[in-house]
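Coordinate inspection notes
The residues making up each chain are set out below.
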Amino acid sequence: MDKGTKIYEGKAKIMYATDQADLVIQYFKDDATAFNAAKKGTITRKGVMNNKISSKIFEFLAFHGIPTHFEKYLSEREMLVKKVAIVPVEVVVRNRAAGSLCRLMGVKEGTTFASPILEFCYKRDDLGDPLINESHILAFQLATAAEIATIKEYTLKINDLLSKFFKNLALELIDFKLEFGRYKGAIILADEISPDTCRLWEIGTGKKLDKDRFRHNLGDIEEAYQEVLNRVSK
Ligand code: TMP
């Protein structure tokens, strides 16, 4: 697969064209940002670990009937993916309170809920990815009603699948963020699923094995990502 020109560079990944019009290469960087890029740094070999973790998770989800952009693992930092038009809405699922939800609702980290929480954010770095609802999505034509229904259906199924997947690895899926894309008229899962985009707490110890170690300077950042990779690879 020939790597062509750079199409897009984001905070953690770069997309490259290939010799096939409907496929692109997703390259994972070591760059890390937090708090809408107010905090910047690098996490050594994060790109390698997130590429492997995301590849495993996309394979698992595809096996369980979720359409994804994942085609194949190419090299340490590269995966081949379908070329989608990203829906400019970030979808967050929360199973326990952490991060911005604690500020939003005035609850302590770790608080449990009666049911999972589904949130939408407008994917706009210049606005700080603000929290929005379905009415904003429809009014600004970010997605159609049918697309929102599909996204919600996939998201709740992914939460069930991934919560069980991680529980088997003695990890609790606290929350996570998904992005979807349009491909040949259908909605498919895109972007990545990794310790950058999930909160994962070790069952028993409560140790945080995700990007919160970087966000809050908790140390052992690389070790945490490696620990998740070790478990996901089992
Ligand atoms: P939050 O508590 O900061 O809103 O984050 C919720 C989840 O979404 C958490 O697992 C981290 C993930 N996330 C991203 O993947 N990208 C982002 O830009 C943000 C803010 C959160």
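Below or above, wherever it landed, is the structure these notes cover. Since we're looking at a predicted model, the values are computed, not measured.

As for the overall build of the chain
Within the chain one finds six helices and 13 strands. In terms of C-alpha radius of gyration, the chain reaches 17 Å, essentially the compact-globule figure of 17 Å for 234 residues. Dimensions of the chain along its principal axes, counting C-alpha atoms only, are 50 × 40 × 35 Å. Taken across its 234 residues, the chain has 50% of its residues classed as buried. Of all intrachain contacts in the chain linking residues separated by at least 6 positions in sequence, the fraction that spans at least 24 positions is 56%. Carbon and sulfur atoms make up 52% of the accessible area of the chain, which amounts to about 11,300 Å² in all. Distance between charge centres in the chain, computed from 36 positive and 33 negative side chains, equals 2 Å.

Description of the site of the ligand
Around the ligand, the surrounding shell holds 13 residues, and the nearest of these are Arg94, Ser100, Asp175, Lys177 and Arg199. In this structure, an oxygen atom belonging to the ligand sits 3.4 Å away from a main-chain N or O atom of Thr197. A distance of 2.9 Å separates an oxygen atom of the ligand from a polar side-chain atom of Arg199. Protein burial of the ligand: of its 440 Å² of free accessible surface, 77% is covered by the chains. At the level of elements, strand 8 (85–96), strand 11 (171–183) and strand 13 (198–202) are the ones that each hand at least two residues to the shell around the ligand. The dominant element in the shell around the ligand, judged by the number of residues it contributes, is strand 11, at three residues.

Looking at the packing of helix 1 (residues 46–63) against helix 6 (residues 221–233)
Two quantities define a packed helix pair, namely the angle between the axes and the distance from one axis to the other. Running from N to C, helix 1 and helix 6 cross one another at 30°; their axes reach a closest spacing of 10 Å. Classified by the angle between their axes, helix 1 and helix 6 sit roughly parallel to one another. The element helix 1 and its partner helix 6 pack so that their crossing is left-handed. Between helix 1, through Lys46, Met49, Asn50, Lys52, Ile53 and Lys56, and helix 6, the contact on the second element is made entirely by Glu222, Tyr225, Gln226, Val228, Leu229, Val232 and Ser233. In terms of residue class, the contact of helix 1 with helix 6 is built from six nonpolar, three polar and four charged.

Some words on the pairing of strand 3 (residues 23–28)
If a strand is regular, its side chains alternate between the two faces of the sheet. Judged by how many residues are buried, strand 3 sits mostly within the fold: five of six residues are covered. Examined bridge by bridge, strand 2 (residues 13–17) and strand 3 share five bridges and lie antiparallel to one another. Note on strand 3: the bridge partner recorded for Lys13 is Phe28. Hairpin geometry of strand 2 and strand 3 is characterised by an intervening segment of five residues between the two adjacent antiparallel strands. In this sheet, strand 7 (residues 78–82) lies alongside strand 3 in antiparallel orientation, the contact comprising five bridges. Residue pairing for strand 7: Ile25 is matched across the bridge by Leu80.

Structural notes on the sheet that holds strand 7
Taken in spatial order, the five strands of this open sheet run 1-2-3-7-6, and their pairing is antiparallel. A strand with exactly one partner marks an edge of an open sheet, and here the two such strands are strand 1 (6–9) and strand 6 (70–75). Ignoring strand direction, the axes of neighbouring strands in this sheet form an average angle of 25°. Strand contacts of helix 1: strand 3, strand 6 and strand 7, with the helix running at about 150° to strand 6, the strand carrying the most contacts.

With respect to unusual backbone geometry
Located in the positive-phi region is Asp191, a residue other than glycine, with phi close to 60°. Within the secondary structure, Asp191 sits in the loop between strand 12 (186–190) and strand 13.

Notes on the packing of aromatic side chains
All told, the structure shown has five aromatic pairs when counted by the stated rule. Taking the centre distance of 4.6 Å and the plane angle of 40° together, the rings of Phe60 and Phe165 count as tilted. You can see Phe60 sitting in helix 1 and its partner Phe165 sitting in helix 4 (residues 145–167), a full 105 residues away along the chain. A residue is classified by how much of its surface remains accessible, and Phe165, at 15% relative accessible area, is buried. Three or more aromatic residues joined by ring pairs form one cluster here, namely Phe60, Phe165 and Phe166. Seen from the ring of Phe214, Lys39 lies directly overhead, with NZ or CZ sitting 4.9 Å from the centre. One Lys or Arg, Lys82, reaches over the ring of Tyr183 and ends 5.9 Å from the middle of that ring.

Focus on the side chain of Asp210
If you trace the backbone, Asp210 turns up in the loop between strand 13 and helix 5 (212–215). Buried within the structure, Asp210 lacks any salt-bridge partner; its nearest side chain of opposite charge belongs to Arg215, at an N-O separation of 4.7 Å. Here Asp210 is in contact with Pro195, Cys198, Arg199, Leu200, Trp201, Ala224 and Tyr225, once residues within four sequence places are set aside.

Each value, and the rule that gives it
Residues numbered from 1 in each chain as written. Predicted model: local features only at pLDDT ≥ 70, side-chain atom pairs only at ≥ 80, totals over all residues. Heavy atoms only, no water. Helix = DSSP H or I, 4+ residues; strand = E, 2+ residues; numbered from the N terminus. Rg over C-alpha atoms; globule rule 2.2 N^0.38 Å. Buried < 20%, exposed > 50% of the residue type's maximum accessible area, 1.4 Å probe, protein only. Contact = heavy atoms within 4.5 Å. Areas by Shrake-Rupley, 256 points an atom, 1.4 Å probe, with all protein chains shown as cover. Lys, Arg positive; Asp, Glu negative; His and termini not counted. Charge placed at Lys NZ, Arg CZ, Asp CG, Glu CD. Near = heavy atom within 4 Å. Polar contact = N/O pair within 3.5 Å; in protein donor to acceptor, adjacent residues only side chain to side chain. Axes fitted to C-alpha atoms, helices over the stretch in contact; angles between N-to-C directions. Parallel < 35°, antiparallel > 145°, perpendicular 65-115°, else oblique. Left-handed = near helix turned anticlockwise from the far one by under 90°. Nonpolar A, V, L, I, M, F, W, Y, C, P; charged D, E, K, R; others polar. Pairing = 2+ DSSP bridges. Phe/Tyr/Trp six-rings, centres within 6.5 Å; stacked < 30°, edge-to-face > 60°. Lys NZ or Arg CZ within 6 Å of the ring centre and 35° of its normal. Salt bridge = Lys/Arg side-chain N within 4 Å of Asp/Glu carboxyl O.

Remember that the coordinates give geometry; whether it matters functionally is a separate question.
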